[in-house]
Amino acid sequence: MRSNFLTFKIIAIAILIALFWIGLLFISTLVSERQGYQQAFLREISQNNISPQTVISPYIRVPYTEIKTCLDDKKVAYSCTEEQWIYISADSTQWTADFKVSDDAYKRTIYRAISYTANLTAKGIFQKPTLENKDYQWNRAEIMFPVHDPRGLDTQPTLKILNKNYTFEMSPKGSDASGFDFMRISTKNYPELINAIQNGFSFDLATNITGLGKFSLVPTSRSVSYQAKGNWADIK
């Protein structure tokens, strides 16, 4: 009798374990399925609307030419001219960001995507650069501001130098393999900036940008500070 009771208990425990396992498997499958739907929803938004944003702090690039030894098809050496770029980073940059976060802009049935609009400002200083003796083409120098997804720019970013506002222009090449659109202000269009770039200047940058879920800032200056505030604590 006791042996039969023990056998019954073992069978009952095995059935309960099987039921719990089936329940866990069902819940796990349901969670994975809904996570897949959520990720597909986010990918669709990234393709058609906006994506997570990454911006890189402004920097300067200046082309120059160098005479090098090249080889022709027959491996014969000859002198050739090659274009290179020198990159100049800011000495310091202070960033501030004010985020307005929402989960109402993009939603489908039970799925919601967190998006944001950020008011970004930066104050910084480019010191007078110490450069090697090269054949620099200052009339082609550019102040660069790379942005991952320019679709999220509510207004074109502006840079204030010597009490004058300059608007960044989109690179005619668009985004490259790095995934950034290299917005720029060129001395070709604003030759008065050549003297500022050669001798150093202070700047104020302002832009409004919209993104999906995540925001990243890549610093390029020697020292950087970043302060952000927003309403993300209110998002359900």
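All of the points below concern the structure found in this document. As the structure is a computational prediction, the values presented were derived from the model and not from experiment.

## Details of the nonpolar core
Right, so step 1: Ile 143 and Phe 201 are the most contacted members of the largest nonpolar core, which has 37 residues in total.
Right, so step 2: Broken down by secondary-structure element, the contributors of at least two residues to this core are strand E2 (59-71), strand E4 (92-108), strand E5 (111-126), strand E7 (142-147), strand E8 (158-161), strand E10 (181-186), helix H2 (193-199) and strand E11 (201-212).
Right, so step 3: At five residues, E5 tops the list of elements feeding residues into this core.
Right, so step 4: Excluding its chain neighbours within four sequence positions, the residues that come into contact with Ile 143 are Tyr 59, Ile 60, Leu 159, Ile 161, Phe 168, Met 183, Arg 184, Ile 185, Ile 197 and Phe 201.

## Digging into unusual backbone geometry
Right, so step 1: With a phi angle near 50 degrees, Leu 162 is a residue other than glycine that sits in the positive phi range.
Right, so step 2: Counting through the fold element by element, Leu 162 comes out in the loop between E8 and strand E9 (164-167).
Right, so step 3: In this structure, Asn 163 is a non-glycine residue whose phi angle is positive, near 65 degrees.
Right, so step 4: Examined against the element boundaries, Asn 163 turns out to sit in the loop between E8 and E9.
Right, so step 5: Relative accessible area serves as the criterion here: at 73%, Asn 163 is assigned to the exposed category.

## Some remarks on the state of the cysteines
Right, so step 1: This model, assessed by the stated rule, comprises one disulfide.
Right, so step 2: Through a disulfide, Cys 70 is tied to Cys 80; the S-S separation comes to 1.7 Å. Residues Cys 70 and Cys 80 are joined through a disulfide that is right-handed, its torsion about the S-S bond being 50 degrees. Of the two residues, Cys 70 sits in strand E2 while Cys 80 sits in strand E3 (residues 77-89), which places them ten residues apart along the sequence.

## Focus on the pattern of salt bridges
Right, so step 1: Inspection of every chain in the model, using the stated rule, returns eleven salt bridges.
Right, so step 2: The residue Asp 103 makes a salt bridge to Arg 112 at a minimum N-O spacing of 3.9 Å.
Right, so step 3: The class for Asp 103 is buried, based on a relative accessible area of 12%.
Right, so step 4: When its relative accessible area of 37% is taken as the criterion, Arg 112 is described as partly exposed.
Right, so step 5: Here Glu 192 ties to Lys 164 by a salt bridge, and the two come within 3.2 Å at their closest N and O atoms. Highlighted residues: Glu 192 in the loop between E10 and H2 and Lys 164 in strand E9, separated in sequence by 28 residues.
Right, so step 6: Classification of Glu 192 as partly exposed rests on a relative accessible area of 38%.
Right, so step 7: Residue classification places Lys 164 among the partly exposed residues on the basis of a relative accessible area of 40%.
Right, so step 8: Each of the salt bridges in this network shares a partner with another, and the network as a whole consists of Arg 61, Glu 142 and Arg 184.

Rules used in this analysis
- Residues numbered from 1 in each chain as written.
- Predicted model: local features only at pLDDT ≥ 70, side-chain atom pairs only at ≥ 80, totals over all residues.
- Heavy atoms only, no water.
- Core = buried A, V, L, I, M, F, W, Y, C linked by side-chain atoms within 4.5 Å.
- Buried < 20%, exposed > 50% of the residue type's maximum accessible area, 1.4 Å probe, protein only.
- Helix = DSSP H or I, 4+ residues; strand = E, 2+ residues; numbered from the N terminus.
- Contact = heavy atoms within 4.5 Å.
- Disulfide = S-S within 2.5 Å.
- Salt bridge = Lys/Arg side-chain N within 4 Å of Asp/Glu carboxyl O.

Read these as geometric descriptors, not functional statements.
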